[in-house]
Amino acid sequence: EQVMKICRNKVKAFNLPLKIVDAEFQFDRNKLTLFFQSDRRIDFREFVRDLFGLYKMRIWMEQVVDCQDKNKPGSTNKDSGKKRSRGKKKDSSNNTRKI
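So, here's what we can say about the structure. Since this is a predicted model, take the numbers as computed values, not measurements.

1. Digging into unusual backbone geometry
In step 1: Its identity as a non-glycine residue notwithstanding, Arg29 has a phi of 60 degrees, on the positive side.
In step 2: One can find Arg29 in the loop between strand 1 (19–25) and strand 2 (31–37).
In step 3: A positive phi angle is found at Lys56, which is not glycine, with a value near 55 degrees.
In step 4: With respect to the element layout, Lys56 can be found in the loop between helix 2 (45–55) and strand 3 (58–63).

Laid out in structure tokens, this is it:
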């Protein structure tokens, strides 16, 4: 909870258009992962540097896509529900050769 408050305050201070959804420490406390939502690409390098200065550990930013937003144009979700073509299906009955 404390990490979430600090990170949300820093997001406001850096005026970033994102929402921090969750934060978790790796079991050995060497990495802090921040889960965020945003509708566009964001340059948060300065934000990450500032957090690194505070926590002295790796900071990992992971974007999460809301289920309702995943089919919007420009979303970062690679699987938008479209079926992918896997090429032509080979006809197995035509595999015999005459000698």
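2. Structural notes on the pattern of salt bridges
In step 1: Throughout the structure, instances matching the rule amount to 3 salt bridges.
In step 2: Among the ionic pairs, Lys10 bridges to Asp50, the shortest N-O distance being 2.8 Å. Here Asp50 lies in helix 2 and Lys10 lies in helix 1 (residues 2–14), a separation of 40 residues in the sequence.
In step 3: Overall, Lys10 belongs to the partly exposed group, its relative accessible area being 21%.
In step 4: Notably, a salt bridge pairs Arg45 with Asp43, separated by 2.7 Å at the nearest N-O pair. The pair formed by Arg45 and Asp43 is uniform in burial state, with each residue classed as exposed.

3. A few points about the nonpolar core
In step 1: Counting residues in each nonpolar core, the largest one holds 19 residues, and the members touching the most others are Leu18, Ile20, Leu32, Leu34, Phe47, Leu51 and Ile59.
In step 2: Listing elements by their share of this core, those giving two or more residues are helix 1, strand 1, strand 2, helix 2 and strand 3.
In step 3: With residues up to four places along the chain from it excluded, the contact list for Leu18 reads Val11, Phe36, Gln37, Ser38 and Ile42.

4. Some details on helix 1
In step 1: Compared with an ideal rise of 1.5 Å per residue, which puts 13 residues at 18 Å, helix 1 spans 18 Å between its outermost C-alpha atoms and is within 8% of the ideal.
In step 2: Within helix 1 the residues assigned to the buried category are Val3, Met4, Cys7 and Val11. Buried residues along helix 1 cover an arc of 95 degrees about the axis, so they all sit on one side. Residues of helix 1 that are exposed and angled more than 90 degrees away from the buried face: Gln2, Lys5, Lys12 and Ala13.
In step 3: Next to the buried residues of helix 1 lie strand 1, strand 2 and helix 2.
In step 4: Looking one or two residues past helix 1, Asn15 carries a phi angle of roughly 55 degrees, positive in sign.

5. Quick look at the side chain of Lys31
In step 1: Looking at the element boundaries, Lys31 is found in strand 2.
In step 2: Look at Lys31: it is buried, it has no salt bridge, and the nearest opposite charge is Glu62 at 7.5 Å.
In step 3: Those residues in contact with Lys31 that sit more than four places away from it in its chain are Glu24, Phe25, Gln26, Met57, Arg58 and Trp60.

Procedures and definitions
Residues numbered from 1 in each chain as written. Predicted model: local features only at pLDDT ≥ 70, side-chain atom pairs only at ≥ 80, totals over all residues. Heavy atoms only, no water. Helix = DSSP H or I, 4+ residues; strand = E, 2+ residues; numbered from the N terminus. Salt bridge = Lys/Arg side-chain N within 4 Å of Asp/Glu carboxyl O. Buried < 20%, exposed > 50% of the residue type's maximum accessible area, 1.4 Å probe, protein only. Core = buried A, V, L, I, M, F, W, Y, C linked by side-chain atoms within 4.5 Å. Contact = heavy atoms within 4.5 Å. Expected span 1.5 Å × (residues − 1). Arc of directions from axis to C-beta. Lys, Arg positive; Asp, Glu negative; His and termini not counted.

Keep in mind these values describe shape, not function.
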